[in-house]
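Here's the letter readout for the chains.
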Amino acid sequence: MKQEPSLRLLRPTVPTNLSRELWQVAIFILIAVGSAATTLRAQGLLTWAGGPVVQNARIVAIYWGIPDLDFRAQMDRFYSGISTSSYLEWLSEYSTVSLVPNRSGQIIGSGHFGGSYVIETKGSGNVETTDIGPTIDHLIHIGQIHGHNANTIYMVHFSSKWKPYLGTNLFKFPVGALGRAYHASYASTFTHRTIIFAVLPDQSVYPSCSIGTSRLDAETNCASHELIEAITDPGAATIIGAFLSEGIFQNLAWQMPARDKLFNPWEIADQCADQYAGRIKTSSDSQDTYVVAKGWQNKSSSCVVSSPIGFADGVRSDGAGMLHAYGWAVDPNSEYSQIQVHLYFDGAYPYGTGFITYADRDRPDVNSVTGYLGWHGFDFSIPAQYRDGKEHSVYVYAIGVNKGNNSPLGTISFQ
Ligand SMILES: [Zn+2]
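Residues numbered from 1 in each chain as written. Predicted model: local features only at pLDDT ≥ 70, side-chain atom pairs only at ≥ 80, totals over all residues.

1. Concerning the overall build of the chain
Put simply, the test is: Think of it this way: any DSSP run of H or I at least four residues long counts as a helix, any run of E at least two long counts as a strand, and we number them from the N terminus. Working definition of burial: number of other C-beta atoms within 10 Å of the residue's own, with buried at 20 or more, exposed at 12 or fewer, and partly exposed in between, all C-beta atoms being placed from the backbone. The contact rule is simple: place each C-beta atom from the backbone, and if two of them lie within 7 Å, those residues are in contact.
Counting its secondary structure elements, the chain contains six helices and 24 strands. The proportion of buried residues among the 415 residues of the chain is 47%. A fraction of 71% describes how many contacts in the chain between residues 6 or more apart in sequence connect residues 24 or more apart.

2. A few points about the nonpolar core
Where we set the bar: Buried Ala, Val, Leu, Ile, Met, Phe, Trp, Tyr and Cys residues whose C-beta atoms connect them within 7 Å together make up a nonpolar core.
The biggest cluster of nonpolar side chains holds 80 residues, and the ones touching the most others in it are I62, I153, Y154, M155, V156, F197 and A198. At seven residues, helix α5 (residues 215-232) tops the list of elements feeding residues into this core. Formed by 21 residues, the second largest nonpolar core is a distinct cluster that contains L343, A359, V394 and Y395.

3. Overview of helix α2 (residues 69-83)
Condition: Given a helix with a known number of residues, its expected span is that number minus one, times 1.5 Å.
Under the 1.5 Å per step criterion, the end-to-end length of α2 is 21 Å for 15 residues, consistent within 8% with the ideal 21 Å. Where α2 is concerned, the buried positions are M75, F78, Y79, S80, G81, I82 and S83.

4. A look at the sheet that holds strand β24 (residues 406-414)
Heads up, the rule is: Any two strands between which DSSP finds at least two bridges are classified as paired. Every axis in this analysis is a line fitted to C-alpha atoms, fitted for helices over the stretch in contact. Angles between the N-to-C directions lie between 0 and 180 degrees.
Taken in spatial order, the four strands make up an open sheet running β21-β20-β23-β24, and their pairing is antiparallel. Strands at the two margins of the open sheet, each flanked by one partner only, are β21 (353-358) and β24. Taking the axes of each pair of neighbouring strands and ignoring which way they run, one obtains an average angle of 25° across the sheet. Bridging between strand β20 (residues 340-345) and strand β23 (residues 392-399) involves six bridges; their strand directions are antiparallel. Looking across to β23, one finds that H342 is bridged to Y397.

5. Digging into the pairing of strand β19 (residues 323-330)
Sheet faces and side chains relate simply in a regular strand, where the side chains alternate between the two faces. Within β19, six of the eight residues are buried, leaving the element largely enclosed by the surrounding structure. With eight bridges connecting them, strand β18 (residues 309-317) and β19 associate as antiparallel partners. Paired with G314 across the bridge in β19 is Y326. Bridging between β19 and strand β22 (residues 377-381) involves five bridges; their strand directions are antiparallel. Following the sheet pairing, A325 is matched in β22 by F380.

6. Some thoughts on the sheet that holds β22
Pairing between sheet strands relies on hydrogen bonds along the backbone, with the strands arranged either parallel or antiparallel. Strands sit in the order β18-β19-β22 across an open sheet of three strands; the sheet is antiparallel. At either margin of the open sheet sits one strand with a lone partner, and together these are β18 and β22. Going across the sheet, the axis of each strand differs from the next one's by a mean of 20°, ignoring polarity.

7. With respect to helix α4 (residues 129-141)
Think of an α-helix as turning once every 3.6 residues; residues three or four places apart then point the same way. Summarising burial for α4: 10 of the 13 residues are buried, a large majority. T129, T130, D131, I132, G133, P134, T135, I136, D137 and L139 are the residues of α4 that are buried. Residue G143 follows α4 closely and has a positive phi angle near 80°.

8. Considering the confidence of the model for the chain
Stated formally: Values of pLDDT, ranging from 0 to 100, describe the predictor's confidence in every residue of the model.
Here the chain shows a mean pLDDT of 85. Residues at 70 or above account for 82%. Here residues 1-6 scores under 50 on pLDDT; set against residues more than four positions off or in separate chains, the count is 13 contacts. A low-confidence stretch, residues 8-41 (pLDDT under 50), is modelled with 83 contacts involving residues beyond four sequence positions or located in other chains.

9. Focus on the environment of I140
Checked against the element boundaries, I140 lands in helix α4. With 19 C-beta atoms packed within 10 Å, I140 lands in the partly exposed category. Taking the C-alpha atoms as reference, I140 lies 9.8 Å from T191; in sequence the two are 51 residues apart.

Quick look at the structure:
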């Protein structure tokens, strides 16, 4: 992972009075966006409203104010690990490939970590919503933040001396009061860039995302919540210039359709914010187990941290005339569960002939690569009718503990 030198904060242009008045009106709408208020959640499925999603998230961490060095290293490591993990991969089901009318064909794929920056700021004070997007845009403009593209999401962590607010000085409230954190987009009328960002208060001072006693757990809980919402609904709150655009409610992507727009949260992680957070592992190193917010999964109608992971390794002969299809499968939502594996012969589900086995065998290599404990190997003895010397194929699926949360593990051909 790369770290960038510190940057000097250059304050953005102060909005005009007119802008501030418009902002004052608009902020009432923004209140609900991205803030995980503890209100009733909507029931049903997320639906796509035609707006953009972030297809291959390029995650950049911004530390506003001098961060604790350990904290910066921990969060950089978290973003680096999470960006290529199954925590983001399962969001592919919110691609818009077959959907109409416009922006269909957006595919949510894996992400990557684009490094981190420190914005040096002296003293202490408040940071308003309208400070953030223009500052990032300006630092890109003068060449101090590199590699910006339309997929970039800036995860902005404020040091304990800087208190982020939602709004401006006419109407604002501290993050942590009504919501835990928020995400928004800033559309620059000068550079025509769109800056997607999340605002994350220091959890050691404003513990709005506290879970247990660990500061890091609170930080990753909050950051992951805003990250998956910024991927699946980046344009919900779009700021143009110094105020919310007329485009508010026109750039929506994945949200609950039946909503009270003002005070009920309705994005992917809001639907699960009243549940305990889950955990995800990004390597076998014990420090790479992270508390993460669950997201609403349409296909299982439940809150998950991931779809099952695994691989169909192959078919082998055991020397006694038997053939075995083998591989591994684990559901990160339930690390120790020995989940079902379904094998469909000579046709993918639902066309082939299906068989059930369990991932219940010791596979230390899987434990050491993934970090997930328990026994997760499967070994299926191929029935006699397929040992006829002819070419066959078997389509393998991992069956998650949440009904409907299944993953294809690959296809094996054998003779
Ligand atoms: Zn939210």
